[in-house]
Every structure is written in structure tokens, then in C-alpha cells.
Amino acid sequence: MRSPPSSVSAGAATAPWGSTRRLCRRALFAAASLALVALAGWLGYAFALRLGLQRLHELAVQRLEVEATRLDGELARFEFLPSLLEASPNIFQLLDNPDNADLQRSASVYLESINAVAGAANLYIVDAAGLTLAAADFNQPGTPLGRSLSFRPYVVDALGSGRGRFFGVGITSGRPGYYQSYALSAGGKTRGVAAVKVNLDSIERGWQDGVGDILLVDEHDVAILVSRDDWRYRPIRPLSLHALEEIAKARPYGGADLKPLGWVEKAEVGDNSARIVTGDGHAFMTSARKVNGGAWRLIVLDDEAATRQKALLVGGLAGLSAAVLLLALKIADQRRRETRQKLASRAALQAANDMLEIKVQERTAALRAAQGELVHAGKLATLGQMSAGIVHELNQPLAAIQTTADNAAVLMERGHYDDARDNVARIGALIRRMGRLTGQLRVFAYKSDDLLEEVNIDKVLQSSLSLLRARIRDAAIEVTTSVDPGLLVVANEARLEQVFTNVLANAIDAVETVEEKAIDIRAARQGGEGVIVIANNGPCVPPDMLPRLFEPFVTSKPPGKGLGLGLMLCDHIVRSFGGRVTARNLAPTGVQFVIEIPVRDSAEGV
């Protein structure tokens, strides 16, 4: 009769042990759950932070491309302007007579008129000793006129190597700018320097009005353009003694104290990208790109605070999701409906993330489209700048091709196939000649590397006359020639043909209004030069225009008939041979062009 109590007693003894085991399992489950939630939160935070920083870098690279293209375009916008002054005789007269006040004023007025069209910050002429002889802002306070700039690097570089570039604060004006210089040479000797100052304030204002921080550092890692004023003229890191000596000599930053920014680099993220902490404790992601031929660096700074906040949010959501998942697994059998609601919440969260990703992709596509439009606009601007010269140089060959092609068609209709074949061959020669002409268009902006050799004057003149034969025949012009068949000069054949074709085409235009049209061509050796004289009996050039006939954009033709570039280009080509071109009016009417080019023994002496 005692068995039942024994059984009850055993059950009572095992009850506390079972309760303890359940408590232990619950504690272990809770601890494991907390560990999994913490791990999920940390992994979510780390992944989101890495992804966010990568996205920041990608957007920064895209912005760098856009800003670098804009900046390089602004730097190259006036690069041609100093070299253009090499074609002006007034400038060389001033360099020959630097103390002549009248020449100084006339040259300054000339520079002022050019700069009024170009829109640069300033344009001026410096002699070989570094003294400013003429300036576009000669009548403005702070002008460099009369000041010595011999210590400026862009003057030293131009005198030494032909070109110079420099960013600095103006010595007299106190205004910063980008200086581009070009050596002015005559007779194989550097006579002075033409310099243009470019104002980059519009670039900086765009940065300051935009979103995010950006700065441009020069070769010393000193900030020269900034989105924050307190960063201006401050180096990223302390300057070396050598750099300080160079800065003291060139004075590019005015009276700035050059206090370092005090940035501390935490880690490199990739090529040209790093994470830094500024002096005020802010963390930034930096992305850099070289500009201006690698001399400067453009740096975009993106604040990490927003990215870290988003990463914390994602980490919290990841931890919360892990907790929800664990809770759902625990009570799956009892709370099926709640589990479905939580899954729906997760789906909604995923949809929100997907929508956010779609918006980011749309904005990225819009940014890339804007970048493509910017590049396309730059290409259109370049095409517009080239079109005027191309039309001017190819007009005559195209007219000759048209006439020859029409004649070939008529000959084929009449059964004269041999003559038609000759016309087709002539068209091919004209096309090859056009190819040579287009290859010479770069002579306006750059020093030519074409080989100079002995060229037969008679051969080149006949080639030019052949090119213009249709115009001469249609206009009923009498052309007389007296050319030494053995006359050889040192030149480039294609470029010399370009000169003759330009001068002859101008002569054809000049006699257009004359009843008895005549062009006279003579060529012979005189001393150490071959002298080619091309005269026409058309109207005289106005006396006030004659001294400026070889300057750019000077023409006596009516609007639409000429650009004023042909004779300037001829003068530039002939001077590259070591020769010269002059023009004078004949009496009672007519104009004569004289082209003088060295022969072999004279050229070797030079």
C-alpha cells in the first residue's frame, strides 16, 4: 500500500530538475539569439558601409570627370591667344623700340581690342628682360604695365622653352588667375613673351554653389580653387624647405600664411581614393583626378556622416530582421498569422530597397546623359572652330573638282573616254592635294614639323595654276608668267602650293570688276633668295588697310566672300621657311605681292 506515495515522491523530485533544464535551454537560446542578432547587425552595418562608400566613390569619379572636362576646357580656352600675337607686326615694332611711348600705347590699345573680343582677364607683352611693355588693361588700376615680371615662372619658362603655364595671385592686381605664355620669336631669336591671364572665378563659384566639397591643388599640393574659403592657399600637408624656397621666389599665393589643413589619412580605399579626418574631426571620403596635363589634382570630398547613418540604419534593420526571424522560428506553430505579417513587412522593406535602387540607377543614368551632352557640346564647339578654316582652304579644290567632274560627264557622253579618264585622274590628284591641305591646318596653332627640302618654284606654280584653271578660264583672265625653270628654294612643297593658291585666288577675286583682267607672275633668284612676284590689275588696297593686310581677320572683300585668314596663314607659312611676304599698291591701279624664300646655300647659312 506504500507504492503510490513512492511514485509521487519520485515525480516531485524530478520536477525541479526539468524546470532547471528548461530555464537553461531558454537562457542558451536567448544568448544565442542575442549573438546572432548582434552578428547580423554588424554584418549589415559593415556591408552597407562598404557599399555606401563604394557608391560615394563612383559618384565622385563621375563628378570628377565632368569637373575635370570643364576645368581643362576653361584652361585651354585661351591657349591660342598668345601665339596669335606673333603675326602682328606692331608687337615686334614695340619689342624693337621698347622705350617708344607711342608704340607702347598703340600696342596696348591693340591688345585691349583683341581682349574685348576674346574675354580673357588680361593680355600683355613682356620683353626678353621681363619688363611689361604693353597690356590690355593699361588704363586700369593694378595694370602690370611697366612692371618687371622676370621672376614669374611662366615668363622664365616661355623665354627658356617657348611656352609657360602658371597659377598665381597677380603681383599688381592682387587677383588670382591662370597664366599662359608664348615666346615671340623673329629671325631665330626670342624677342619677348606674350601672356594671357585666365580668370577661374566662375569655376570656383560653381563649386561653392553646388553640393559637396571640392578643391584643386597645384604641384605643391596647395589648394588654389576651393569650395570653402577657409581652405584657400593652404597645403594639404606641411611644405618642404625646397617648396617654400620656390614659393618665396615665384610668389604664387600672395601673402598667404600657408598653414597646413591638418588632414589625417585613415586608410586608402583604392586608386586615387582615401578616407581622411579633417582638423575639425569630420570624416571624408576623398577621390582625386589629375588635370592640366598631370600638373594639378582635382579632389572631391564626400562627408561620411550620412553614409554611416544609413549603414547604422541598415545594421539595425539587419539585427531586427534576425530577431524577427528567430522569434518567428520559435513561435511558428503558434503565431502563423503574425509570421505572415512579418514576412509581408520584410517584403515591403525589400520593395522599398528596390525602389531606392531604381531611383539611384535613374539618377546615375541622368548624370551620365548630362556628361555625354557636355562632351558632345565640346565636340560641336571644336567642330565650329575648325569649320571656318577648312571651308576657306578647301573651297578652291572643291570648285575645281566640280568643274572637272562636269567636264568628264560631257566627255563620256561624247564618247571621249580617254579625255574623261584624264579628268578622273585629275580629280584624284585634286583629292590628294586636298588631303595634304587638311594636314596643314594645324600650322595656325602649332609649330610645324614638316620637312623642308629643295622645291622647284615652276612646278609648284604650275600645280597651283592647274588647280585654279577653271576659274581663270571662266573669268577670261590673261595670265603671263616669267619663271626661271631651274629656280629651287628651301620649303615644303604642299605648304608652298597652299601659299601660291591663296595669293592667286585673291588675285582672281581682285580683278573680278575689271574689264581686261590680267595677272602677271615672275620668279627669279636675287642674291640668296628666290623672289616670286604676283601682280594683278584690280583695285588698290585701301592705304589704311595695307599695313595690316597680313593680320588675322583683315580683308577688303565684302561680307561672306572672305574670312581674313588666308593672307595671315600665307605669311605664317612663308615665315616658317625663313622668308617673308610683302604687298604694295601699283600705280595707277593693281596690287603686287612679293614672296621671298631662301635658296639652299642661304638657308644653310641661317
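For the structure itself, consult the block above.
A. Local environment of the sheet that holds strand β5 (residues 189-198). In space, the 5 strands of this open sheet follow the order β2-β1-β5-β4-β3, with antiparallel pairing throughout. Whereas interior strands pair on both sides, the edge strands pair on one side only; in this sheet they are β2 (132-135) and β3 (163-169). Pairs of neighbouring strands in the sheet enclose a mean axial angle of 25 degrees, with direction left out of account. Bridging between β3 and strand β4 (residues 176-186) involves 7 bridges; their strand directions are antiparallel. Each bridged residue has a counterpart across the sheet, and for Phe167 the counterpart in β4 is Tyr178. Of the strands in this sheet, β1 (122-127), β3, β4 and β5 touch helix α5 (residues 153-161), which is tilted by about 175 degrees from β3.

B. Structural context of the pattern of salt bridges. Enumeration over the complete set of coordinates arrives at 21 salt bridges. Salt-bridge contacts for Arg289 lead to Glu65; the nearest nitrogen and oxygen are separated by 3.1 Å. Of the two residues, Arg289 sits in strand β10 (residues 283-291) while Glu65 sits in helix α1 (residues 3-76), which places them 224 residues apart along the sequence. With relative accessibility at 28%, the residue Glu65 sits in the partly exposed group. Arg580 serves as the salt-bridge partner of Glu596, at 3.0 Å between the closest nitrogen and oxygen. On the criterion of sequence distance, the pair formed by Glu596 in strand β18 (residues 591-598) and Arg580 in strand β17 (residues 580-585) is long-range, its members being 16 residues apart. We classify Glu596 as buried; its relative accessible area is 14%. Assessed through its relative accessible area of 38%, Arg580 is described here as partly exposed.

C. Here's a closer look at helix α7 (residues 241-250). The complete set of buried residues in α7 reads Ala243, Ile247 and Ala250. Buried residues in α7, looked at end-on, bunch into an arc of 75 degrees, giving them a common side. Exposed side of α7, more than 90 degrees from the buried face: Leu241, His242, Ala248 and Lys249 are the residues found there. Residues of α7 that are buried sit in contact with α5 and β3. In the stretch just after α7, Arg251 is the one whose phi turns positive, near 55 degrees.

D. Local environment of the side chain of Asp213. Residue placement: Asp213 occurs in strand β6 (residues 213-217). Given the relative accessible area of 13%, Asp213 is considered buried. In this structure the side chain of Asp213 is engaged in a polar contact, spanning 2.9 Å, whose partner is the side chain of Arg228. Contacts of Asp213, omitting those with residues within four sequence positions, involve Arg63, Ser227, Arg228, Trp231, Phe284, Ile299, Val300 and Leu301.

E. Quick peek at a nonpolar patch on the surface. On the surface, Leu36, Leu39, Trp42 and Leu43 cluster together into a nonpolar patch covering about 430 Å² of accessible area. By the element assignment, Leu43 lies in helix α1. On the basis of relative accessibility, which here comes to 45%, the residue Leu43 falls in the partly exposed class.

So, how was this worked out
- Residues numbered from 1 in each chain as written.
- Predicted model: local features only at pLDDT ≥ 70, side-chain atom pairs only at ≥ 80, totals over all residues.
- Heavy atoms only, no water.
- Pairing = 2+ DSSP bridges.
- Helix = DSSP H or I, 4+ residues; strand = E, 2+ residues; numbered from the N terminus.
- Axes fitted to C-alpha atoms, helices over the stretch in contact; angles between N-to-C directions.
- Contact = heavy atoms within 4.5 Å.
- Salt bridge = Lys/Arg side-chain N within 4 Å of Asp/Glu carboxyl O.
- Buried < 20%, exposed > 50% of the residue type's maximum accessible area, 1.4 Å probe, protein only.
- Arc of directions from axis to C-beta.
- Polar contact = N/O pair within 3.5 Å; in protein donor to acceptor, adjacent residues only side chain to side chain.
- Patch = residues over 30% accessible without salt bridge, like charges linked within 9 Å, V, L, I, M, F, W, Y side chains within 5 Å.
- Areas by Shrake-Rupley, 256 points an atom, 1.4 Å probe, with all protein chains shown as cover.

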